Amino acid sequence: MLTVYIDFKSPGAYLAMKPTLALAARLGLEVVWRPYRTVERNVPKLGKEETVGESHRRVRAASQRALMIKYAGLQGIDLKYPARLGETDLALGVLAQIEGDPLPFIRAAFAAYWVAHADLNDPDTVRSLMAHGGGIDERALASASAALEQATAEADEIGIVGSPGYVIADQIFVGREHLPWIEEIARETHTTDG
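To keep things clear, this report deals only with the structure shown in the data block.

The rules behind each value
Residues numbered from 1 in each chain as written. Predicted model: local features only at pLDDT ≥ 70, side-chain atom pairs only at ≥ 80, totals over all residues. Heavy atoms only, no water. Helix = DSSP H or I, 4+ residues; strand = E, 2+ residues; numbered from the N terminus. Rg over C-alpha atoms; globule rule 2.2 N^0.38 Å. Buried < 20%, exposed > 50% of the residue type's maximum accessible area, 1.4 Å probe, protein only. Areas by Shrake-Rupley, 256 points an atom, 1.4 Å probe, with all protein chains shown as cover. Expected span 1.5 Å × (residues − 1). Pairing = 2+ DSSP bridges. Salt bridge = Lys/Arg side-chain N within 4 Å of Asp/Glu carboxyl O. Patch = residues over 30% accessible without salt bridge, like charges linked within 9 Å, V, L, I, M, F, W, Y side chains within 5 Å.

## Brief notes about the overall build of the protein
Of regular secondary structure, the protein possesses eight helices and four strands. Ordered by position in the sequence, the α and β elements of the protein form the string β-α-β-α-α-α-α-α-α-β-β-α. Taken over the C-alpha trace, the protein has a radius of gyration of 17 Å; the compact-globule value for 194 residues is 16 Å, and the two agree within 12%. Dimensions along the principal axes, computed over C-alpha positions, put the protein at roughly 60 × 40 × 35 Å. Buried residues in the protein amount to 45% of all 194 residues. For the protein, the accessible surface area stands at approximately 10700 Å², while carbon and sulfur atoms represent 53% of it.

## Observations regarding unusual backbone geometry
Cis geometry is adopted by the peptide bond preceding proline 164, which originates at serine 163 and carries an omega value of 5°. Relative to the elements of secondary structure, proline 164 occurs in the loop between helix H7 (144-158) and strand S3 (165-168). The backbone of histidine 117 shows a phi angle near 55°, a positive value even though the residue is not glycine. With respect to the element layout, histidine 117 can be found in the loop between helix H4 (103-114) and helix H5 (123-130). Positioned with a positive phi, aspartate 170 is a non-glycine residue whose angle comes to about 65°. Tracing the sequence through the fold places aspartate 170 in the loop between S3 and strand S4 (171-174).

## Overview of helix H1 (residues 11-27)
The periodicity of an α-helix, 3.6 residues per turn, causes residues three or four places apart in sequence to face the same way. The first and last C-alpha atoms of H1 sit 25 Å apart over 17 residues, in line with the 24 Å expected at 1.5 Å per residue. If you check which residues of H1 are buried, you get Pro11, Gly12, Ala13, Tyr14, Leu15, Ala16, Met17, Thr20, Leu23, Ala24 and Leu27. At the exit of H1 stands glycine 28, carrying a positive phi of roughly 65°.

## A short note on the environment of glycine 28
In this structure, glycine 28 sits in the loop between H1 and strand S2 (31-35). With relative accessibility at 63%, the residue glycine 28 sits in the exposed group.

## What to know about the pairing of S3
The side-chain alternation of S3 yields two buried faces, one formed by Gly165 and Val167 and the other by Tyr166 and Ile168. Note: strand S1 (residues 2-6) against S3, three bridges, orientation antiparallel. Residue tyrosine 5 lies in a different strand from S3, and its bridge partner there is glycine 165. Relative to S4, S3 runs antiparallel, the two sharing four bridges. Following the sheet pairing, tyrosine 166 is matched in S4 by phenylalanine 173. Connecting S3 to the antiparallel partner S4 that follows it, the hairpin turn spans two residues, and alanine 169 within it adopts a positive phi of roughly 50°.

## So, the side chain of threonine 3
Mapped onto the elements of the fold, threonine 3 is located in strand S1. Accessibility expressed as a relative area gives 13% for threonine 3, which makes it buried.

## A word on the pattern of salt bridges
Per the counting criterion, the structure on display carries 11 salt bridges. Between glutamate 87 and lysine 9 there is a salt bridge; the shortest N-O distance is 3.6 Å. Here lysine 9 lies in the loop between S1 and H1 and glutamate 87 lies in the loop between helix H2 (52-74) and helix H3 (89-95), a separation of 78 residues in the sequence. Accessibility expressed as a relative area gives 39% for glutamate 87, which makes it partly exposed.

## Notes on a nonpolar patch on the surface
Side chains of Ile158, Val161, Ile172 and Val174 sit close together on the surface and give an oily, nonpolar patch of about 310 Å² of accessible area. With respect to the secondary-structure elements, valine 161 resides in the loop between H7 and S3.

Put into structure tokens, the structure is as follows:
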């Protein structure tokens, strides 16, 4: 089993979907999707009298964004950052409560955020995403905040610090760049169990 922690506003989590699903399909892994609230920031604007630290943060943020756009292009994804990075807590709280297959909801939520630049904290937007399935009903909106807080506490307790976060064989990895190592562990675990 592979547990994957995601935030819909995390570009890394968005770009991790395709390779994570491909890995799971190759190895027949069950994937458990869990919410994890991240802090995403806009690229700071150039100041008239920037300090060295401010300049470093601006250049680093712009470089990270350019790298994400490049990696998206390699997957055939036209990644366009929203003008204002929004919050996703309501959608994440709903994800925490899905008992059925969460993939239709997850795919719809990522597309809503990254393609349509929708507000995933808006009840009407999240309600429309819930129509994609996963066995969720209207009550999930009312309990979303508490569900996300509980999921966050559980993630923090085991040591998740970013999205995408992966847990396999009691080992934690942050970032899709670790997928080859995760695959190696999954193969070893499968060989040992089989």
